[in-house]
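Reading the structure
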Amino acid sequence: MKVSVDRDLCTGCELCVETCPDIFKMDGDVAVAYDNNDPVPEDMEDCATEASEGCPVEAIPLEE
Ligand code: SF4
């Protein structure tokens, strides 16, 4: 599984960072996924999925 943040959609609400801080961090006004999470470690897939589903603007596409 891979995750990324669409910077053009992200509103910087920080929800994904709160949900899954090992995968996402803030970069100024937007969230980004850490580079070392490609692929997402297996034990973090659940929180990455939760963050993707919880994003209010659907800015976190998941790739299997
Ligand atoms: S939850 Fe979505 S809108 Fe909020 S910071 Fe994360 S990517 Fe951006």
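Residues numbered from 1 in each chain as written. Predicted model: local features only at pLDDT ≥ 70, side-chain atom pairs only at ≥ 80, totals over all residues. Heavy atoms only, no water.

Regarding the side chain of Ser-52
- Note on placement: Ser-52 falls in helix α2 (residues 45-54).
- Residue classification places Ser-52 among the buried residues on the basis of a relative accessible area of 14%.
- A polar contact is formed between the side chain of Ser-52 and the backbone oxygen of Ile-60, at a distance of 2.6 Å.
- Those residues in contact with Ser-52 that sit more than four places away from it in its chain are Ile-60 and Leu-62. (Helix = DSSP H or I, 4+ residues; strand = E, 2+ residues; numbered from the N terminus. Buried < 20%, exposed > 50% of the residue type's maximum accessible area, 1.4 Å probe, protein only. Polar contact = N/O pair within 3.5 Å; in protein donor to acceptor, adjacent residues only side chain to side chain. Contact = heavy atoms within 4.5 Å.)

Notes on the pattern of salt bridges
- Inspection of the entire model under this criterion finds one salt bridge.
- In this structure, Asp-27 and Arg-7 form a salt bridge, with 3.3 Å as the shortest nitrogen-oxygen distance. In this pair, Asp-27 is assigned in strand β2 (residues 24-27) and Arg-7 in the loop between β1 (2-3) and α1 (15-19), connecting sequence segments 20 residues apart.
- A relative accessible area of 38% places Asp-27 in the partly exposed class. (Salt bridge = Lys/Arg side-chain N within 4 Å of Asp/Glu carboxyl O.)

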